[in-house]
Structure formats: C-alpha cells, structure tokens
Amino acid sequence: MPVNPKKTGEGGFSRRWRWGVVSGLLIAVITVLASGYMVDITNTDVFCQTCHAMKPFRASWQKSVHGGQNPQGFAAQCVDCHLPHGSFVEYLTTKAITGTGDVIQNLIIDPAEFDWAANAEKNRLKFTYDNACRHCHKHLEPVGVKPGALLAHRAYLYGQTDKKCASCHPHVGHKDMIEMADKFFKKAL
C-alpha cells in the first residue's frame, strides 16, 4: 500500500501549505505594524537631529514661531513643513528620498566648510512644500488680518502668481538659522 508522505487536511491542503499561509500573514501584519511605527518614530525633530549637521537647525527651529514660540505653544515637526501633504504614497516616497539624501550628505560633507546660506537660498523652495504650509494655514484671509496682508496674499489665492509660500516667508521656520549654523559649526572645529 503506497504511503502518502503529504498529510492533508479536510480541504485537501497540506499542513505545510496552511502553516506557510499563516506564517506569511503573520509576517505581513508585523511588517505593516513595524513600518507604521518606523514612519511615526522618524517623523520627530528628535530623530532628525540625530544627524550632527541637523543640530543647529533644530535649535533655530525651536526659537522660531513654528518651533513653539507662539501664543498657542504649538510646535510643528520637521515633516510638517519639509514633506508634502498630498497622497500617502507621495509622502512616503519623498520621505525615503529625502532621508536617504540627508544620510548621504551627512556622510560626505564637512558641515564646517559647507555653504549653508547658499544651500538654503538655492533649495528653500524644493524642501518647503506649499501644501504643507496650507495644511495648517488654511485661512489666509481670517477675520482681523490687516489689509496689507490680505492684498499680499490675493494674487497667491487667485493663482495669479508662481510664488510659493517660502518665496515671501523664507525664514519663518527657523529663527536666525544661518547665524546659528555658522556659530555651531565654527565652534565644533
């Protein structure tokens, strides 16, 4: 009588196959939960400043309106301004590309020799997203806004300009950023 080495259950599936499906589902659930946890952990200013070059930028952010120096005490996180607030896929893709670029830059540049002012001027509009600004600043014409501010935003609100938020508000997220970076890195030598 031939012996069937493959033990099957009632539905005809082998135990190995069922064990594989259960294991695969368990691994998938753990991966999804771990991924969500990692996204959450890497969304904080504490994480961002683990790179040596980010320390003065975190300090300048903490002294700014966006770092909590406002009547409400609200502090935006780095990702609130420096990642897009579009789709989740766009957010994660940009996060991965930006994070990888940041790590590589921290390995290859000498922060004391790097021209932070030129880099900020050249890349400010690339690393600050209008949809991130508008995520928090939905109402650019709230009650009590001075007429000059309303006029200044009029062309933007009507789509009559190519300017971005950071074009007119270049240093709102980091108070005295370049001075703080220069001071920090000159002292680090």
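To keep things clear, this report deals only with the structure shown in the data block. Just so it is clear, the model here is predicted, and its values are computed rather than measured.

1. Section: the packing of aromatic side chains
Now for step 1: Scanning all chains against the criterion turns up four aromatic pairs.
Now for step 2: Look at Phe114 and Trp116: their rings are 4.7 Å apart centre to centre, the planes differ by 65 degrees, and that puts the pair in the edge-to-face class.
Now for step 3: Classification of Phe114 by relative accessible area gives partly exposed; the value is 26%.
Now for step 4: Look at Trp116 and Phe185: their rings are 5.7 Å apart centre to centre, the planes differ by 15 degrees, and that puts the pair in the stacked class. On the criterion of sequence distance, the pair formed by Trp116 in helix α6 (residues 116–127) and Phe185 in helix α10 (residues 177–188) is long-range, its members being 69 residues apart.
Now for step 5: The exposure class of Phe185 is buried, given its relative accessible area of 3%.
Now for step 6: Among the aromatic residues, those joined into a ring-pair cluster are Phe57, Phe114, Trp116, Phe184 and Phe185.

2. Points about the nonpolar core
Now for step 1: Counting 10 residues, the largest nonpolar core consists of Ala53, Phe57, Ile109, Ala112, Trp116, Ala120, Met177, Ile178, Ala181 and Phe185.
Now for step 2: Of all elements in the fold, only α6 and α10 reach the threshold of two or more residues within this core.
Now for step 3: Top contributing element to this core by residue count: α10, with four residues.
Now for step 4: Those residues in contact with Phe57 that sit more than four places away from it in its chain are Trp116, His174, Met177 and Ala181.

The rules behind each value
- Residues numbered from 1 in each chain as written.
- Predicted model: local features only at pLDDT ≥ 70, side-chain atom pairs only at ≥ 80, totals over all residues.
- Heavy atoms only, no water.
- Phe/Tyr/Trp six-rings, centres within 6.5 Å; stacked < 30°, edge-to-face > 60°.
- Buried < 20%, exposed > 50% of the residue type's maximum accessible area, 1.4 Å probe, protein only.
- Helix = DSSP H or I, 4+ residues; strand = E, 2+ residues; numbered from the N terminus.
- Core = buried A, V, L, I, M, F, W, Y, C linked by side-chain atoms within 4.5 Å.
- Contact = heavy atoms within 4.5 Å.

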